[in-house]
Amino acid sequence: MLIKTVDLWKTYTVGTETIHAVQGVSVEIEKGEYVAIMGPSGSGKSTLMNLIGCLDSPTRGEYHLNGRRVSAMSDDELAYIRNKEIGFVFQTFNLLPRASALHNVELPLIYNGTSSGERIRKAKEALKTVDLEDRMTHRPNELSGGQRQRVALARALVNNPALILADEPTGNLDTATGAEIMELFGRLHREGNTIIIVTHERDIAIYADRIFYLRDGKVEKEEDVRHIKNSGN
Amino acid sequence: MRLSGFTESLLIAFGTFRTHKMRSFLTILGVLIGVACIIGMVSIIKGLDKSMAGQIESLGSNVIYVSKFKPGIQMGRRSEEERNRKGITFEDAVAVRENCPAVEAVSPQNYYHRPGGNYAKYRNIEVTRPSFFGTIPDYEVVNNSFVVEGRFITDADVKFRAYVCILGYDVAKTLFENLDPVGKKILVNGDRFTVVGVMEKKEELLGSGHANNFVLIPYDTFTKIHPEEKELALAVKARSPELIPAAIDQITELLRRRRGVPYDKPDDFAVFTQENLMDMYKQLTGIIYLAMIVISSIGLLVGGVGVMNIMLVSVTERTREIGIRKAIGAKRKDILWQFLIEASSLSGIGGVLGIILGLLFAQLVALVSPLPAAVPLLWVLIGFGFSVGVALIFGIYPAYRASKLNPIECLHYE
Ligand SMILES: Nc1ncnc2c1ncn2[C@@H]1O[C@H](COP(=O)(O)OP(=O)(O)OP(=O)(O)O)[C@@H](O)[C@H]1O
Ligand SMILES: [Mg+2]
């Protein structure tokens, strides 16, 4: 079992109001799975993703990643897990604007002390995986949206993480470019990566094996969609 | 911190300077001014110190001075006892030479201060405010200062009260330029003297202009002209540098006896050496150092506040970047160091430029004024250390704030 959450809660307090963004989510995800999370706006998809991605700590409940109890870890331990075990892809790309594509991809390696030669080799390899070898020296503002997202994906891949998370990775892209990115995720999945993506669109979600439907911070429904993909959709 | 993180931080820092040239420059300027102040002032003080040391060597280290008062700046009114002090007499000088075994030679020097200043005149050329004193042939060996032209005064000159004089180097240069002064007649305060010799050039004490600006005549000639002048200064040469303390003791004991100082009262005269003068000088420069450190500290403080301000701005501006870095695995200390390195390289650049500017400034001052300048190597390091230290102290708060930020909040920051 790669991911196991037990009664996960995330509660925000804004002024006097308490918002339960995630309310008792218990899910299990195997290594090598491809999972999509769907749900209406404000249903807690991003919040759950941030918890799974160790960007945030739950208010209550337990989270085990790869056998380690992440829910009890300190900031720096979480930083280490994010660096080693998780590759995150954001809707808004979140690249460093003044750094080249290559340097952006190198970044996670800088924070785990990889030597510079090794770093460049790995970063180039990751950029090759997303078919961007010819854009290595470009800065994000010199790249198209789809290319930026592929740089972000290369950055997520470069450390060979146990888990790739993507929060609406196609949200800022047009349909064709989005489909390209989804093909890329599909390929990565076939190569053995575990992937979780958040999306609004069912067309995107059915690239996955399983869909979790979230409503008001709870898992409302779970659907196996392997048959749809296999039926050649 | 890992090397990869360090070089990354340096790259980020220089990237920031490139994108924010003006404000980086202003921040650097703040530190630069503080450091330049320190280095400039220290250079000049060090230069003074060095010339002082040269001075002392040229005076001969085994010279002891005896006078009614200790030299130095008189603060406030002298005490009753001080005002009633008797002068040192020629008989005292003789007694010191005769009765102190550690003493090799004594040079009594009797000075005259004309109201409005002494003058020396050759034809229509005049030298203003030379010191004017009578002494004996031992002056040369005691003061380790010798004639370069002509001859010094002799025992016969003293005995027969000859109207001959020896000129300080500057006086000779001013009055005679390229002429040979020996044998020329000059007027000093209205009396006519024949120049018989010129003294070698002595190093100036703190650029006061007195070391080479004097006219010296035979002792007895002087007392004939100024019988009213009874206060002498004695320069005493010990038989060897090791015997200076013994000589001081012997002189002190002898003078106390001669002047009838009760055993339980302090000396009513002063016996001191060049080293004493050096100590006093050091005390004085100590005060200057202190004042300088205070002034420069204020300068550096202002620079530090500038660094802190810019770092706070930088942290706020780059909240999103911090979020990205944290999201992909930067630890607290990575972020902390990133901003500390940015602050210290800003400040360090200011430090280096400040050092260069300070040194140039001191050289410039040395060029256009009599003040000397030296390169204070230790202070160059201290100045650099200060600038980086200031950055660390003032940068730590913004950096700490950045390191504590929550990655999610940073990523949502607009
Ligand atoms: N930092 C926060 N402070 C307070 N409330 C928050 C915070 N982050 C999220 N929320 C609230 O938690 C709830 C879930 O938000 P979340 O971003 O997870 O929704 P989402 O499912 O990702 O929505 P969308 O599809 O619009 O991205 C929302 O009601 C939101 O207002
Ligand atoms: Mg969301």
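Here is what the cut-offs are and how they apply
The residue numbers shown here count from 1 along each chain, following its written sequence. In the order they appear in the text, chains get letters beginning with A and ligands get numbers beginning with 1. Local features in this predicted model are restricted to residues of pLDDT 70 or higher, and side-chain atom pairs are both shown and tallied only at a pLDDT of 80 or more, whereas totals for entire chains, interfaces and linings draw on every residue. By convention in this description, side-chain values take in all heavy atoms of the structure and omit both hydrogens and water. Runs of H or I in DSSP of at least four residues are treated as helices and runs of E of at least two as strands, each being numbered from the N terminus. Within these notes, the globule rule equals 2.2 Å times the number of residues to the 0.38 power, and the radius of gyration is based on C-alpha atoms. Relative accessibility thresholds used throughout: buried, under 20% of the residue-type maximum; exposed, over 50%; partly exposed, between the two (1.4 Å probe, protein chains only). The method behind every accessible area is Shrake-Rupley, applied with a 1.4 Å probe, and residues are considered shielded solely by the protein chains displayed. Positive charges are assigned to Lys and Arg, negative charges to Asp and Glu, while His and the chain termini are left out of the count. By convention, the point assigned to a charge is CZ for Arg, NZ for Lys, CD for Glu and CG for Asp. Contacts: residue pairs with any heavy atoms within 4.5 Å of one another. Two parts placed together each lose some accessible area; with a 1.4 Å probe, that loss summed over both constitutes the buried area. By convention in these notes, a salt bridge is any Lys or Arg side-chain nitrogen within 4 Å of a carboxyl oxygen on Asp or Glu. Polar contact criterion, stated in full: a pair of N or O atoms within 3.5 Å, where within protein one must be able to donate a hydrogen and the other to accept it, and residues adjacent in sequence count only if both atoms are side-chain atoms. For this scheme, ten residues count as nonpolar: Ala, Val, Leu, Ile, Met, Phe, Trp, Tyr, Cys and Pro. Four count as charged, namely Asp, Glu, Lys and Arg, and the remainder, Gly too, count as polar. Here a residue counts as near a molecule or strand whenever at least one of its heavy atoms sits within 4 Å of it. What is meant by a nonpolar core is a set of buried Ala, Val, Leu, Ile, Met, Phe, Trp, Tyr and Cys residues, joined one to another through side-chain atoms within 4.5 Å. Lines fitted to C-alpha atoms define the axes here, with helix axes fitted over just the stretch in contact, and angles between the N-to-C directions of these axes take values from 0 to 180 degrees. Angles are sorted into four bins: roughly parallel if under 35 degrees, roughly antiparallel if over 145, roughly perpendicular if 65 to 115, and oblique for all others. Rotating anticlockwise by less than a right angle from the far helix to the near helix defines a left-handed crossing, while the corresponding clockwise rotation defines a right-handed one. Put simply, two rings from Phe, Tyr or Trp (the six-membered ring, in Trp's case) pair if the centres are within 6.5 Å, and we call them stacked under 30 degrees between planes, edge-to-face over 60, tilted for the rest. A patch is a set of surface residues, each over 30% in relative accessible area and not in a salt bridge, joined within 9 Å for like charges and within 5 Å for the nonpolar side chains Val, Leu, Ile, Met, Phe, Trp and Tyr. The rule for pairing is simple: two strands pair if DSSP sees at least two bridges between them.

(A) Local environment of the overall build of chain B. Regarding its fold elements, chain B presents 14 helices and 12 strands. For 414 residues, the compact-globule estimate of 2.2 N^0.38 gives 22 Å, and chain B exceeds it by more than 25% at 32 Å. Based on the C-alpha atoms only, the size of chain B along its principal axes is roughly 105 × 55 × 35 Å. Buried residues in chain B amount to 49% of all 414 residues. In the form shown here, chain B has an accessible surface area of approximately 20,300 Å², with 62% of it arising from carbon and sulfur atoms. If the 46 positive side-chain charges of chain B are averaged to one point and the 41 negative ones to another, these points end up 7 Å apart.

(B) Summary view of the overall build of chain A. A tally of regular secondary structure across chain A gives 8 helices and 11 strands. Since a compact globule built from 233 residues should have a radius of gyration of about 17 Å, the 17 Å found for chain A is in line with a globular shape. The buried share of chain A, reckoned over its 233 residues, is 55%. In chain A, the proportion of contacts linking residues at least 24 apart, taken out of those at least 6 apart, comes to 68%. Just so you have it, chain A exposes about 10,200 Å², and 45% of that area is on carbon and sulfur atoms.

(C) Quick look at unusual backbone geometry. Of note in this structure, Asp 216 of chain A is not a glycine but carries a positive phi near 50 degrees. With respect to the secondary-structure elements, Asp 216 of chain A resides in the loop between strand 10 (210-215) and strand 11 (218-224). Backbone geometry at Asn 189 of chain B places phi at a positive 50 degrees, although glycine is not the residue there.

(D) Region of interest: the interface of chain A and chain B. Contact residues are listed per partner, giving 25 residues for chain A and 22 residues for chain B. For the pairing of chain A and chain B, the buried interface totals around 2,200 Å² over both sides, and the portion due to carbon and sulfur atoms is 56%. The interface formed by chain A and chain B holds 1 salt bridge in total. For Arg 332 of chain B, the salt bridge is made with Asp 75 of chain A, and the minimal N-O distance between the two is 2.9 Å. At the boundary of chain A and chain B, one finds 8 residue pairs in polar contact (both at pLDDT 80 or more). Taken together, the elements giving at least two residues each to the side of chain A that touches chain B come down to helix 2 (75-85) and helix 3 (101-110) of chain A. Element by element, the count of residues in the side of chain A that touches chain B is highest for helix 2 of chain A, at 6 residues. Class assignment for the residues of the side of chain A that touches chain B results in 10 nonpolar, 8 polar and 7 charged.

(E) Summary view of the site of ligand 1. All names here are of chain A. What surrounds ligand 1 is a group of 14 residues, the closest being Ser 41, Gly 42, Lys 45, Ser 46 and Thr 47. Here an oxygen atom of ligand 1 and a backbone polar atom of Gly 42 are 2.8 Å apart. At 3.2 Å from an oxygen atom of ligand 1 is found a main-chain nitrogen or oxygen belonging to Ser 43. Here ligand 1 has 630 Å² of accessible area as a free molecule, and 65% of this is covered by the chains. Listed by contribution, the elements that provide at least two residues to the shell around ligand 1 are strand 1 (3-14), strand 2 (17-25) and helix 1 (45-52). It is helix 1 that contributes the most residues to the shell around ligand 1, 3 residues altogether. In terms of residue class, the shell around ligand 1 is made up of 5 nonpolar, 7 polar and 2 charged.

(F) Highlighting helix 1 of chain A. Residue and element names in this part refer to chain A. By the criterion of burial, helix 1 is predominantly enclosed, with 7 of the 8 residues buried. Looking at helix 1, one finds that the buried residues are Lys 45, Thr 47, Leu 48, Met 49, Asn 50, Leu 51 and Ile 52. Two residues or fewer after helix 1 comes Cys 54, characterised by a positive phi angle close to 60 degrees.

(G) Just the pattern of salt bridges, in detail. Applying the stated rule across the entire model yields 30 salt bridges over all chains. Measuring nitrogen to oxygen at the nearest pair gives 3.3 Å for the salt bridge that ties Asp 134 of chain A to Arg 135 of chain A. Given a relative accessible area of 26%, Arg 135 of chain A falls into the partly exposed group. The network of salt bridges with common partners includes Glu 8, Arg 318, Glu 321, Arg 325 and Glu 342 of chain B.

(H) Focus on the nonpolar core. One finds Ile 3, Tyr 63, Leu 65, Leu 163 and Ile 196 of chain A to be the most contacted residues of the largest nonpolar core, which totals 74 residues. The dominant element in this core, judged by the number of residues it contributes, is helix 2 (residues 21-59) of chain B, at 8 residues. In contact with Leu 163 of chain A, not counting residues within four places along its chain, are Leu 2, Ile 3, Ile 52, Tyr 63, Leu 65, Glu 85, Ile 86, Gly 87, Thr 194 and Ile 196 of chain A.

(I) Quick peek at the packing of helix 10 (residues 274-317) of chain B against helix 12 (residues 332-368) of chain B. Residue and element names in this part refer to chain B. Close contact between helix 10 and helix 12 brings their axes to 11 Å; oriented N to C, the two are set at 140 degrees. As summarised for this structure, helix 10 and helix 12 are arranged oblique, according to the angle between their axes. As for how helix 10 packs across helix 12, the hand of that crossing is right-handed. Of the residues in helix 12, those touching helix 10 at Val 307, Ile 310, Met 311, Ser 314 and Val 315 are Phe 339, Glu 342, Ala 343, Leu 346 and Ser 347.

(J) Spotlight on the packing of aromatic side chains. All names here are of chain B. The full count for this structure, using the stated rule, is 12 aromatic pairs over all chains. Both rings, one in Tyr 65 and one in Phe 272, keep their centres 5.9 Å apart while their planes meet at 25 degrees; by these two values the pair is stacked. Of this pair, Tyr 65 sits in strand 1 (residues 63-67) while Phe 272 sits in strand 12 (residues 270-273); the two residues are 207 residues apart in sequence, bridging distant segments of the chain. Judged on exposure class, the residue Tyr 65 and its partner Phe 272 are both buried.

(K) A look at a positive patch on the surface. A grouping of Arg 98 and Arg 139 of chain A together with Arg 18 and Lys 21 of chain B is seen on the molecular surface, where their side chains present a positively charged patch. The topology assignment puts Arg 18 of chain B in helix 1 (residues 3-19). We classify Arg 18 of chain B as exposed; its relative accessible area is 60%.

(L) Spatial organisation of the pairing of strand 4 (residues 34-38) of chain A. All names here are of chain A. Counting buried positions along strand 4 yields 5 of 5 residues, so the element is predominantly enclosed. With burial as the criterion, each face of strand 4 is covered, one bearing Tyr 34, Ala 36 and Met 38 and the other bearing Val 35 and Ile 37. Bridge analysis of strand 4 against strand 9 (residues 194-198) gives 4 bridges, and the strand direction is parallel. By the bridge assignment for strand 9, Val 35 is matched with Ile 196. The pairing of strand 4 with strand 10 spans 4 bridges and is parallel. Opposite Ala 36, over in strand 10, you have Ile 211 as the bridge partner.

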